[in-house]
Amino acid sequence: MMPRSATSPTARSLAAKLAAFGREFHARRWALGTSGNYSVLLRRQPVRLLITSSGLDKSALRAGDFLEIDQEARVIRGRGRPSAESFLHLAVVRARKAGCVLHTHSIWSTLLSERHAEQGGLAISGYEMLKGLDGVGTHQHREWIPIFANDQDIPALSRKVEAELNRDPASHGFLLGGHGLYTWGEDLAGARRHVEIFEFLFEVAGRLAFGSPSA
Ligand SMILES: [Zn+2]
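Analysis parameters
- Residues numbered from 1 in each chain as written.
- Predicted model: local features only at pLDDT ≥ 70, side-chain atom pairs only at ≥ 80, totals over all residues.
- Heavy atoms only, no water.
- Pairing = 2+ DSSP bridges.
- Helix = DSSP H or I, 4+ residues; strand = E, 2+ residues; numbered from the N terminus.
- Axes fitted to C-alpha atoms, helices over the stretch in contact; angles between N-to-C directions.
- Contact = heavy atoms within 4.5 Å.
- Donors = N, O, S within 2.8 Å, 3.2 Å for Na, K, Ca; no water.
- Tetrahedral: all angles 85-135°; square planar, octahedral: opposite > 155°, others 65-115°.
- Buried < 20%, exposed > 50% of the residue type's maximum accessible area, 1.4 Å probe, protein only.
- Phe/Tyr/Trp six-rings, centres within 6.5 Å; stacked < 30°, edge-to-face > 60°.
- Lys NZ or Arg CZ within 6 Å of the ring centre and 35° of its normal.
- Core = buried A, V, L, I, M, F, W, Y, C linked by side-chain atoms within 4.5 Å.

### With respect to the sheet that holds strand β4 (residues 75-77)
Here comes step 1: What the nine strands build is an open sheet, ordered β4-β3-β2-β1-β5-β9-β8-β7-β6; its pairing is mixed. Strand pairing shows two members of the sheet lacking a second neighbour, β4 and β6 (121-125), which therefore form its edges. Put simply, the sheet's adjacent strands are angled 25 degrees from each other on average, direction ignored.
Here comes step 2: Looking at chain direction, strand β7 (residues 142-148) and strand β8 (residues 173-176) are connected through two bridges and run parallel. Its bridge partner lying in β8, F148 is registered against L176.
Here comes step 3: Against the sheet, helix α3 (residues 107-115) contacts β6, β7, β8 and β9 (180-185), and its axis sits at roughly 75 degrees relative to β8.

This is the structure in structure tokens:
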């Protein structure tokens, strides 16, 4: 069956909001060029995920640049093709109560993912901004952000990620080595806030680690 391009008004409105996030993240240098991908869950049973079509310039993302896919990343509606990284989005929505998954490629997340690769993750604690993460009520919280080696075999990588998310249900995000951040939220606003909080924390940790305390 040919994918249909018609989409519901709800999906169209969610796509417009995600497109605005994409343009904002590009402007804030968190996802330049064609990097990054963004999704929102339209239905959990069976899974219907609205996700960015692959290979688009994120500075000019529009509502029409999203596809509806099923749990196997097959296109249900929309034109274009889904990114291979759709499997990571699907792993997150299975393992978490996530309604929205956002993936960025910032400079600080890239540098830190390399710096902490051997430890398998990065711990951040002691910062007031941690309270912007869902369920965190004190700066004394210790957030463990697992780091997975980057891999072009995304289905294999997504199985590792899903296993770790199920093992540690407290995490709010993970890093791919030399690549970037995945984070999520129950809704669009929560996921966007997590990107902003993590990017702030990564910049602080990065400036401390790499000896660049000023902008
Ligand atoms: Zn990526």
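### Let's talk about the coordination of the zinc ion
For a metal bound by four donors in a tetrahedral arrangement, the ideal donor-metal-donor angle is 109.5 degrees, while six donors in an octahedral arrangement ideally sit at 90 or 180 degrees.
Here comes step 1: Around the zinc ion, the donor atoms from the protein are E85 (OE), H103 (NE2), H105 (NE2) and H179 (NE2), and they sit 2.1 to 2.5 Å away.
Here comes step 2: Because the angles between the four donor atoms bound to the zinc ion fall within 90 to 151 degrees, the donor set is best described as irregular.
Here comes step 3: Here the donor residues of the zinc ion are spaced in sequence according to E-x17-H-x1-H-x73-H. Taken together, the positions of H103 in strand β5 (residues 100-104) and H179 in the loop between β8 and β9 put the pair 76 residues apart, joining distant regions of the chain. Neither residue differs from the other here; H103 and H179 are each classed as buried.

### Topic: the pairing of strand β2 (residues 48-52)
Here comes step 1: Most of β2 sits inside the fold, with five of its five residues counted as buried.
Here comes step 2: As paired strands, strand β1 (residues 37-43) and β2 are joined by four bridges and run antiparallel to one another. Note on β2: the bridge partner recorded for L41 is L49.
Here comes step 3: Two successive antiparallel strands, β1 and β2, enclose a turn made up of four residues.

### With respect to the side chain of E164
Here comes step 1: Locating E164 in the fold gives a position in helix α4 (residues 154-167).
Here comes step 2: Given a relative accessible area of 16%, E164 falls into the buried group.
Here comes step 3: Look past the residues within four positions of E164 in its chain and what remains in contact with it is P146 and F148.

### A short note on the packing of aromatic side chains
Here comes step 1: Under the defined criterion, the tally for this structure stands at seven aromatic pairs.
Here comes step 2: With centroids separated by 5.6 Å and ring planes inclined at 20 degrees, the aromatic side chains of F198 and F202 adopt a geometry described as stacked. One end of the pair, F198, and the other, F202, are both in helix α5 (residues 188-209), four residues apart, so they sit about a helical turn from each other.
Here comes step 3: In this structure, R115 packs its charged tip against the face of F210, placed 4.8 Å from the ring centre.

### Looking at the nonpolar core
Here comes step 1: One finds L88 and F174 to be the most contacted residues of the largest nonpolar core, which totals 23 residues.
Here comes step 2: The set of elements that each furnish at least two residues to this core consists of β2, β3 (66-69), α2 (86-95), α4, β8 and β9.
Here comes step 3: Take this core: its biggest share by element is five residues, from α2.
Here comes step 4: A11, W30, L50 and C100 belong to the second largest nonpolar core, which has 20 residues in total.

Coordinates in, geometry out; function isn't part of it.
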